[in-house]
Every structure is written in C-alpha cells, then in structure tokens.
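# Descriptive structure summary
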Amino acid sequence: MIAAGVALALTVGACSSTGGRQSTEGDGDGTGRTADTPRMTIALITHAAPGDTFWDLVRKGAEAAAQKDNVDLQYQADPDGANQANLVQSAIDKKVDGIAVTLAKPDAMRAGVTKAVQSGIPVVALNGGIGDWKSMGVLGYFGQEEKLAGQAAGERLTRDGAKKALCVIQEQGHVGLEARCDGARSTFPNTEKIYVTGTDMPSVQAAITAKLQQDKSIDRVLTLGAPFALTAVKSVQEASGSAKVVTFDTNQELVGAIKTGQVEWAVDQQPYLQGYLAVDSLWLYRTNGNTIGGGQATLTGPAFVDSSNVAAVEKFAANGTR
C-alpha cells in the first residue's frame, strides 16, 4: 500500500518574490563554516504567490545551502507562467552560474529553461514539473511525485472511513495541484474538485463555506496548502458543519492545528529540503561535476504528519524549517 510506505518514510526520516518573510543571513551548517570555493551566483525562480508561507520554507533551505556553499542566492518569483519565464530570461542575461526553477506550468517555462541549458547554464528543477524536467535538459529534480502523494492521501481517506472529499485547488492550471486531486480521486473516487482564487483568502473561505452548506455529504475537506487548510477550518465552523480538514504541506501554524486536532493530518513534502538540495546540487555540479538522482527524480516526500508524530516535527516547525 502506498500509505504504508509513506508512513514508514516518515518514521525512518522522521507562492511572491518575497513570500511571507524577508531574506536573512544564516549559518548554513550550524558550524559557521563557509566553502572556500569561488563565489558563484545562483538564481532561484519559483511560481510562489504572494503571502504563501510554504515558499518561506523553500527559501530558507536554499539560503542555508547558499550560506554554506559561498553562493550569492538571487530569489525571485511570479505565479504567472509567462512572467516566471521572463525571470529565467533575466537570469540568463545576467550570466548566473546556475538556475533552480519550479515548473508548475511547464508549457510556459519550456522555451526559457531550454535556452538556459543551451546557453551553458546548469539548471535544476524543484517542487513542480516532475513529468517534464527531463525533456528540458534539466540536471535533476527535487520534490515529490504529486500523483503518488495524492494516491496516498486517497488511501488515507479510505482508511479513515471518509465518505466524500472536497479537493480545493487554489491555482488553476498548476499541474502539480491537479495531479494531487487526480491521485486522491484514483484511490478515493468520491472526491470532488473546487477551484478557488488562492491569492484572495476571504473568497477562498466563502467558496468552501458555500460548498459545505450546499452539500452536507462532504465529510472531508482536502486542501493543497497549509494556509488553505487553516482557512477551511474557519469555513467548517462558519457552515456549522462536521467535516474534517486534511491537507498537503505544513507550516508552524498548521503543525499546531494538527496538535490541537483542528486538522487531522498533512502530507509533507519537506519544502526546506527541496530548496536546500536544489542550491547544493548546483554548487556540487559547478565545483565537482556531480549530479544527483542518477537520471531520476530525488523524492522529498510524501510523508504523513498526524497526531502520532506531530511532536517530533513541532520543534523543527518552530525553527521555520518544517
């Protein structure tokens, strides 16, 4: 069973240009040591939407690797595919030493990423585009297989005795979010999608509330990001319903909500690790010719965080790294 493998993985191992947090200088490995390799510049370009705290975790991991590796990290983001592609072109024009990029909207990104590769700039992908990175000539991919993660979530819903799930997609056209819902539906067929505007949280709350009031058979709200799960909790209360909230992805507040029982569980893809590995892999490639993954994606998830293991994750979430 997929879910069993996910649980074991956790036992063993345990979206704006600024996000919700400003850049900070950090001690990459906790020792104060920085690589003595020549200073290089790496661009990290994501599809982050304004205020989405998920990307703070990605960025913090990238900053930790950059500090350790003597890298000048240049972070930019735009949820619009065409605008994100323009950021890649800007990085090419600056002749950066490497580019780490998300491919949530691969069709919009293909030309720019391919041009970077052809220009001799090494590129790695993270978080989105697991089905497309190889065809663009990208060196490696760091993230979770979203359909597999969705299937694991659907299996968990079945095991939990759920009857009907509402899968909330906060960004239309995002291939990874669609894959999560489609994966969940493949193992838990009574899953219905609803599209909301993730950059307008009051409208997200209103849309979920209206749906719960309209369809009393919904007993699970499956969100695809921590902020949306916390909003869904408010929607359930506003609708005077009894639906339980489950989600993908975590942040400090979400971990607290699992601890108090407001959210049942989260599927964790370790965003800090995605950012860290993306930057570190480019440094390794530039300084030693290394590649990671053997031509396959390097998976950082999925794993479940629930009442059975939230205490182990809580201390790291408090540090802003889970």
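Quick caveat: nothing in here was measured; it's all calculated off a predicted structure.

### Quick notes on the overall build of the chain
- Secondary structure assignment for the chain yields eleven helices and twelve strands.
- Against the compact-globule benchmark of 20 Å for 322 residues, the chain has a radius of gyration of 19 Å, which places it among compact chains.
- Expressed along its principal axes, the backbone C-alpha trace of the chain runs to roughly 60 × 40 × 35 Å.
- For the chain, the proportion of its 322 residues judged to be buried stands at 55%.
- For the chain, the exposed surface amounts to about 13,100 Å²; the carbon and sulfur share of it is 50%.
- Charged side chains of the chain number 29 positive and 34 negative; the gap between the two group centres comes to 3 Å.

### A short note on the state of the cysteines
- Under the defined criterion, the tally for this structure stands at one disulfide.
- Through a disulfide, Cys167 is tied to Cys181; the S-S separation comes to 1.9 Å. Here the S-S torsion is close to -85 degrees, and the disulfide linking Cys167 with Cys181 is therefore left-handed. Pair noted here: Cys167 is in strand β6 (residues 165-169) and Cys181 is in helix α6 (residues 175-187), with a separation of 14 residues, a long-range link.

### Overview of the sheet that holds strand β10 (residues 263-268)
- With respect to topology, six strands assemble into an open sheet ordered β7-β6-β8-β9-β10-β12, the strand pairing being mixed. Only two strands of the sheet have a single partner each, and these edge strands are β7 (191-195) and β12 (303-306). Across this sheet, the average inter-strand angle for adjacent strands is 20 degrees, counted without regard to direction.
- For β10 and β12, the ladder comprises four bridges, and the chain directions are antiparallel. Each residue of the ladder has a partner; that of Trp265, found in β12, is Asp306.
- Against the sheet, helix α8 (residues 226-238) makes contact with β8 (220-223), β9 (244-248) and β10, and its axis sits at roughly 170 degrees relative to β9, the strand it touches most.

### Description of the side chain of Thr300
- Among the structural elements, Thr300 can be located in the loop between β11 (298-299) and β12.
- In this structure the side chain of Thr300 is engaged in a polar contact, spanning 2.6 Å, whose partner is the backbone oxygen of Gln269.
- Leaving out residues up to four positions away in the same chain, Thr300 has contacts with Gly143, Gln144, Asp268, Gln269, Gln270, Leu273, Gln274 and Leu277.

Cut-offs and rules
Residues numbered from 1 in each chain as written. Predicted model: local features only at pLDDT ≥ 70, side-chain atom pairs only at ≥ 80, totals over all residues. Heavy atoms only, no water. Helix = DSSP H or I, 4+ residues; strand = E, 2+ residues; numbered from the N terminus. Rg over C-alpha atoms; globule rule 2.2 N^0.38 Å. Buried < 20%, exposed > 50% of the residue type's maximum accessible area, 1.4 Å probe, protein only. Areas by Shrake-Rupley, 256 points an atom, 1.4 Å probe, with all protein chains shown as cover. Lys, Arg positive; Asp, Glu negative; His and termini not counted. Charge placed at Lys NZ, Arg CZ, Asp CG, Glu CD. Disulfide = S-S within 2.5 Å. Pairing = 2+ DSSP bridges. Axes fitted to C-alpha atoms, helices over the stretch in contact; angles between N-to-C directions. Contact = heavy atoms within 4.5 Å. Polar contact = N/O pair within 3.5 Å; in protein donor to acceptor, adjacent residues only side chain to side chain.

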